[in-house]
Amino acid sequence: MVIAASIAVTMGHDANWDLLNYHLYAGFALADWRYDSDLMPTGVQAMFSPIIDLPFYLMVKNFSLRTTTIIQSFYYGILMYVTFRFNVVLFSTVSLLRKEGSAGRIFYTVMATFLCLSGVASISQISSSFNEMQLAVLTMLGALLILAALESDGRVARSSLFAGIAIGSAAALKLTALIYAPAGLIALFFALGIRRGLVPAAAFCAGWAIAFALIFGWWGYLTFARFENPIFPFFNETFRSSWYPPINEGDPRFFPTTLVMWIAYPFFWAFSTVTGMVAEPPLRDPRFAFFLTATMGFLLFGRKYLSHSPRVRFLLAFAVLGYVVWLMRFSIIRYAIPIEIIGSSITVLGFATLIPIRVGRIAAPTAVILVCVTSQMLTSYPQWGRLPYSYKDYGIEIPPVDNGALIVVATQPASYLLPYFEARELRFVGAIYVTGRSIGYRLYARTLEIISNHHGRIYTIERAGGNEAGMFSGLGMQSLPETCKPIRSNLEPSADLKLCEARKL
């Protein structure tokens, strides 16, 4: 925990775009139950399950930024422990490593844990509001439970049940973790075979379904009851909600663009710094490239380990399948912490087992050291908009508004401002791109209805240089430029945010 807190404080406090756009508002919306009054003020993320964002919001509202950062870093500390235990189990088989005694196991466990936890996906997200760290803890816990039980037939089904609960909980808290469900299920069959794997796989599915239903079910039902789609507005081509056009919202910015990139994507950001590839900010990390190389090594030269070790089969299948689904669905590095961790363990295991003993007894340890040192020297971490601790709390100054006013959010990111309005009985609605895309559907019609039926004052949150006039006109309102007053925020010190009065047309 001390290591995690020290790293987090050194990096500065979180101020990433997603925090400004929806993470802080999501906790606020749940704490104040804004769902009966507000309508999509953050865009497509407005109806993400808010449970996982509530702790961060409560900490920001009640503690200093430094204290919040330290508490948030505990998730990484827990991940460190789970990852260490994972590697202890993985490297516990002496015969697998062709070593005698505990020295070799300890060495490879420590080196693997270092490689696992020093990648761009994990370290760069310490204390962030992205929430991927919590999901990684649950996913790695599930993988650990299965890994530890694979050499004990009597415990595999029970452990698979609890693993399903852990991985299903991660998916329920944030749907980006759904990619690890098929990976875990299919990996069980790879490890145990079809016949022996049936009961553990059924237990895994049962645990996953129970956890997902209990944690996400109420929210999915609420969202479906309001918008005819439990994950509105996503996958609306499938759900066909009348509130939104039949399209599948997504973020295609980070997908590979050529066949060669699809096949060898990690090598494009392994040895040179790239921007806009797997993340918005610049980064570089060879760990995924080493993982794919080690995987090919096992497939070509390590068949005896695959045939004799269900643990190795499970790990390879889980990591490779998780990577493939991640690549095809997201290609966003933030969502890949478990793949980064397990892939790094596979890398160390590959060098430890596949280098022939006749090359020399120190060849494998030397290779592992070189991989770890090279990885760390080449790694360049993304910053995600961190800011120094030049102030204690979020300093947000919003001009006063009337009680009972309607606030029309016309820019992104801006919803982080909403918890800091001092007036009472306010209503927040979005007039951003997601609203514009719903012209001809109920979301746009409902936004228009809220504005036309409102009897109090109307204000807009805008950004200098914005082009909201057309949107406002379609919604039957007009912003009054002469009334605009600046909104000041130390989270966006250079942003030209403004609060304007508006009138109906």
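In what follows, the structure referred to is the one given above.
Draft legend 1. Here's a closer look at the overall build of the protein chain. From N to C terminus, the protein chain includes 20 helices and 7 strands. For the protein chain, whose C-alpha radius of gyration is 25 Å, the value lies close to the compact-globule estimate of 23 Å for 505 residues. Dimensions along the principal axes, computed over C-alpha positions, put the protein chain at roughly 85 × 50 × 45 Å. Within the span of the protein chain, comprising 505 residues, buried residues form 58% of the whole. Sequence separation of at least 24 residues holds for 73% of the intrachain contacts in the protein chain that already meet a minimum separation of 6. Accessible area for the protein chain stands at about 20,700 Å²; split by element, carbon and sulfur atoms hold 64% of it. Charge centroids of the protein chain, computed over 39 positive and 29 negative side chains, lie 12 Å from each other.

Draft legend 2. Just the pattern of salt bridges, in detail. On inspection of all chains with the given rule, the structure shows 13 salt bridges. D402 is the salt-bridge partner of R457, the closest N and O atoms lying 3.3 Å from each other. Remark: D402 occurs in the loop between β1 (396–397) and β2 (406–409) and R457 occurs in the loop between α19 (442–453) and β4 (458–463); sequence separation between them is 55 residues. Of the residues examined, D402 reaches a relative accessible area of 34% and is grouped as partly exposed. With a shortest N-O distance of 3.2 Å, E449 and R446 are connected by a salt bridge. Of this pair, E449 and R446 both sit in helix α19, 3 residues apart, which is roughly one turn of that helix. By relative accessible area, E449 is classed as partly exposed at 37%. By relative accessible area, which is 27% here, R446 ends up partly exposed. Each member of the salt-bridge network shares a partner with another, and the members are D251, R253 and E280.

Draft legend 3. Up close: helix α3 (residues 54–62). Taken together, the buried positions of α3 are occupied by F56, Y57, M59 and V60. Relative to the axis of α3, the buried residues are bounded by an arc of 165 degrees and lie together on one face.

Draft legend 4. Fine view of the state of the cysteines. This structure, assessed with the given rule, holds 1 disulfide. At a sulfur-sulfur separation of 2.0 Å, the disulfide partner of C484 is C500. Residues C484 and C500 are joined by a disulfide whose S-S torsion is about 105 degrees; by sign, that bridge is right-handed. Note that C484 is positioned in the loop between β5 (477–479) and β6 (485–489) and C500 in strand β7 (residues 497–504), a separation of 16 residues in sequence.

Draft legend 5. A look at unusual backbone geometry. Cis rather than trans, the peptide bond between F232 and P233 has omega equal to 0 degrees. Tracing the backbone shows P233 in the loop between α10 (180–227) and α11 (236–239). Cis geometry is found at the peptide bond from Q412 to P413, where omega equals -5 degrees. Position of P413 among the secondary structure elements: in the loop between β2 and β3 (427–430). Unlike most non-glycine residues, M40 shows phi in positive territory, near 50 degrees. Looking at the element boundaries, M40 is found in the loop between α2 (17–32) and α3. For M40, a relative accessible area of 3% gives the class buried. Not every positive phi belongs to a glycine, and V278 is a case in point at roughly 65 degrees. One can find V278 in the loop between α12 (259–268) and α13 (287–301). Given the relative accessible area of 0%, V278 is considered buried.

Draft legend 6. Representation of helix α1 (residues 2–11). Of all the positions in α1, only A4, A5 and A8 are classed as buried. An end-on view of α1 places all buried positions within 95 degrees of arc, on one side of the element. Opposite the packed face of α1, turned more than 90 degrees from it, sit the exposed residues V2, I3 and T10. In this structure, the buried side of α1 is in contact with α4 (65–90).

Draft legend 7. Quick look at the side chain of T347. For T347, the location among the structural elements is in helix α16 (residues 337–354). Setting aside anything within four residues of it in sequence, one finds T347 in contact with L115, R287, F290, F291, A294 and V371.

Draft legend 8. Representation of the side chain of T353. If you trace the backbone, T353 turns up in helix α16. Taking the relative accessible area as the measure of exposure, T353 reaches 4% and is therefore buried. A polar contact of 2.7 Å, which involves the side chain of T353, links it to the backbone oxygen of L349.

Draft legend 9. Structural detail: a nonpolar patch on the surface. Where nonpolar side chains cluster on the molecular surface, the patch consists of L259, W262, I263, V324 and M328 and spans about 540 Å² of accessible area. Where the nonpolar patch is concerned, the elements lending two or more residues are α12 and α15 (310–329). The element that contributes the greatest number of residues to the nonpolar patch is α12, accounting for 3 residues. Within the secondary structure layout, W262 lies in helix α12. Assessed through its relative accessible area of 32%, W262 is described here as partly exposed.

Draft legend 10. Fine view of the packing of aromatic side chains. Applying the stated criterion across every chain yields a total of 26 aromatic pairs. Seen in terms of ring centroids, W218 and W219 are 5.5 Å apart; in terms of plane orientation they differ by 75 degrees. Their pairing is edge-to-face. Taking the centre distance of 5.9 Å and the plane angle of 35 degrees together, the rings of F288 and W326 count as tilted. Residue F288 is located in helix α13, and its partner W326 is located in helix α15; the two are separated by 38 residues in the primary sequence. Assigned by exposure class, F288 and W326 land together as buried. In this structure, R334 is placed above the aromatic ring of F130, and the distance from its NZ or CZ to the ring centre is 4.2 Å.

Conventions we followed
Residues numbered from 1 in each chain as written. Predicted model: local features only at pLDDT ≥ 70, side-chain atom pairs only at ≥ 80, totals over all residues. Heavy atoms only, no water. Helix = DSSP H or I, 4+ residues; strand = E, 2+ residues; numbered from the N terminus. Rg over C-alpha atoms; globule rule 2.2 N^0.38 Å. Buried < 20%, exposed > 50% of the residue type's maximum accessible area, 1.4 Å probe, protein only. Contact = heavy atoms within 4.5 Å. Areas by Shrake-Rupley, 256 points an atom, 1.4 Å probe, with all protein chains shown as cover. Lys, Arg positive; Asp, Glu negative; His and termini not counted. Charge placed at Lys NZ, Arg CZ, Asp CG, Glu CD. Salt bridge = Lys/Arg side-chain N within 4 Å of Asp/Glu carboxyl O. Arc of directions from axis to C-beta. Disulfide = S-S within 2.5 Å. Polar contact = N/O pair within 3.5 Å; in protein donor to acceptor, adjacent residues only side chain to side chain. Patch = residues over 30% accessible without salt bridge, like charges linked within 9 Å, V, L, I, M, F, W, Y side chains within 5 Å. Phe/Tyr/Trp six-rings, centres within 6.5 Å; stacked < 30°, edge-to-face > 60°. Lys NZ or Arg CZ within 6 Å of the ring centre and 35° of its normal.

Worth remembering: the numbers are spatial, not functional.
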